[in-house]
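Spelled out, the chains give:
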Amino acid sequence: MIRLDGVAKTYRTRKGDLVQALAETSLTVGENEFVTLVGPSGCGKSTLLKLVAGLVPVTRGEIHVRDQIVRGPFPDVGFVFQQPVLLPWRTLIDNVLFSVEMLGLDPRQYRKQAADLLELTGLAGFETKYPRELSGGMQQRVAICRALLPDPSLLLMDEPFGALDAMTREEMSLELLRVWEERRKTILFVTHSIPEAILLADRVVVMSPRPGRIVRVITVDLPRPRTMDMEFDTRFKIHSDEVRSLIFSGRKERA
């Protein structure tokens, strides 16, 4: 589904200095696979996501999605940000429909699908509410519905639960897993949370401090469907210790 071949990204600051955000990186992600990216702040996780989405150009290398080279934004992708970024003057269902409007499609033809997604994520009955009337977790569910409405095969998620409290974050993780089991998308998910990365993923990609590079790709040896109780599983602890060791050893080497 996704293939990165020697992809690197260098930014130029306002002062004209060059900053390498991402070192040469190669990675493949299979169709319907759930892959999480974890690493220290500033290691290029979000940059990698934006490169895959075609929101920023690569400096070196190539990215292929379904064997097509990514040269700019493309329609078959949904993007979920850390903040829900809902339009406050629109109702929930109209916020969900905004994604198809941006693609130049007739929102009237997608109204039933939008309502079905709101029901799938536990928001049936809230269609006519406004964002200010919802909790943070409910708003983020709307953002996920908005990304899913055009039925993209690829879903890119940039720390979507990072601003939520711990209990809501756990609830949203389980909700996302449930939706993924139902809809089966390819998901590339950025997080700072090691437990979250392991709970969600088929594979965890561990990245080094900037310039970011892939240190290791860990296959998660846990059955599905997943539950929060799996954090007490010995295999979960082994994965967690391995990821934590890789991240902190990288920080020490940089220091």
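The structure we're discussing is the one just above.
Throughout what follows, the structure given in this document is the object of discussion. Along every chain, residues carry numbers that run from 1 in the direction the sequence is written. The model is predicted, so local features are restricted to residues of pLDDT at least 70 and side-chain atom pairs to those at 80 or more, both for listing and for counting; the totals for chains, interfaces and linings are taken over all residues. As a rule here, side-chain values come from all non-hydrogen atoms in the structure, and water together with hydrogens is ignored.

Observations regarding the sheet that holds strand 10 (residues 214-219)
Moving on, step 1. A strand pair is defined by DSSP finding two or more bridges across the two strands. Put simply, DSSP H or I for four residues or longer makes a helix, DSSP E for two residues or longer makes a strand, and each gets a number counted from the N terminus. Spatially, six strands are ordered 6-7-8-3-9-10 in an open sheet, and the strand pairing comes out mixed. Every interior strand has two partners, whereas the edge strands, strand 6 (77-80) and strand 10, have only one. Between one strand axis and the next, the sheet turns by 15° as a mean value, whatever way the strands run.
Moving on, step 2. Looking at chain direction, strand 7 (residues 154-158) and strand 8 (residues 186-191) are connected through five bridges and run parallel. Each bridged residue has a counterpart across the sheet, and for Leu156 the counterpart in strand 8 is Leu188.
Moving on, step 3. The strands touched by helix 5 (residues 166-183) within the sheet are strand 3 (34-38), strand 7 and strand 8, with strand 8 carrying the most contacts at an inclination of about 165°. In this analysis, axes come from line fits to C-alpha atoms, helices being fitted only over the stretch in contact, and the angle between any two N-to-C directions falls in the range 0 to 180 degrees. Should any heavy atoms of two residues lie within 4.5 Å, those residues are counted as being in contact.

Considering the side chain of Ser153
Moving on, step 1. Relative to the assigned elements, Ser153 resides in the loop between helix 4 (136-148) and strand 7.
Moving on, step 2. Polar side-chain contacts of Ser153 include one of 2.4 Å to the side chain of Asp76. Between N or O atoms, a polar contact is any pair within 3.5 Å; within protein, one atom must be a potential hydrogen donor and the other a potential acceptor, and residues adjacent in sequence are included only when both atoms are from side chains.

Things to note about the pairing of strand 9 (residues 203-207)
Moving on, step 1. Only protein chains enter the accessibility calculation, which uses a 1.4 Å probe. A residue is then buried if its area is under 20% of the maximum for its type, exposed if over 50%, and partly exposed in between. With five of five residues buried, strand 9 is to be regarded as a mostly interior element.
Moving on, step 2. Every second residue of strand 9 is oriented toward a common face, with Arg203, Val205 and Met207 on one face and Val204 and Val206 on the other, all of them buried.
Moving on, step 3. As paired elements, strand 3 and strand 9 share four bridges and run parallel to each other. Each residue of the ladder has a partner; that of Thr36, found in strand 9, is Val204.
Moving on, step 4. Two elements, strand 9 and strand 10, share five bridges in a ladder whose sense is antiparallel. Bridged to Val206 within strand 10 is Arg216.
Moving on, step 5. Here strand 9 folds back onto strand 10, and the loop between the two strands holds six residues.

As for the pairing of strand 7
Moving on, step 1. Counting buried positions along strand 7 gives five out of five residues, so the element sits mostly inside the fold.
Moving on, step 2. The two faces of strand 7 match: Leu154, Leu156 and Asp158 on one face and Leu155 and Met157 on the other face are all buried.
Moving on, step 3. Bridging between strand 6 and strand 7 involves four bridges; their strand directions are parallel. The residue of strand 7 that forms the bridge with Gly78 is Leu155.
Moving on, step 4. Every crossover in which the path from the first strand over the helix to the second runs clockwise, viewed with the strands pointing away from the viewer, is termed right-handed. Taking the sense of rotation as the criterion, the β-α-β connection linking strand 7, helix 5 and strand 8 turns out right-handed.

A word on the packing of helix 2 (residues 92-102) against helix 4
Moving on, step 1. The N-to-C vectors of helix 2 and helix 4 enclose an angle of 35°; their axes lie 7 Å apart at closest approach. As for the relative orientation of helix 2 and helix 4, their crossing is right-handed in sense. Between helix 2 and helix 4, the contacting residues are Leu92, Asn95, Val96 and Ser99 on the first element and Val142, Cys145 and Arg146 on the second.
Moving on, step 2. Classification used: nonpolar for Ala, Val, Leu, Ile, Met, Phe, Trp, Tyr, Cys and Pro, charged for Asp, Glu, Lys and Arg, polar for all others including Gly. Considering only residue class, the contact of helix 2 with helix 4 consists of four nonpolar, two polar and one charged. A crossing counts as left-handed when the near helix is turned anticlockwise from the far one by less than a right angle, and as right-handed when that turn is clockwise.

A closer look at helix 2
Residue pairs spaced three or four apart in an α-helix point in one direction, given the helix's 3.6 residues per turn.
Moving on, step 1. When we look at burial in helix 2, the residues that qualify are Leu92, Ile93, Asn95, Val96, Leu97, Ser99 and Val100.
Moving on, step 2. Gly104 occupies a position one or two residues after helix 2 and carries a positive phi of about 80°.

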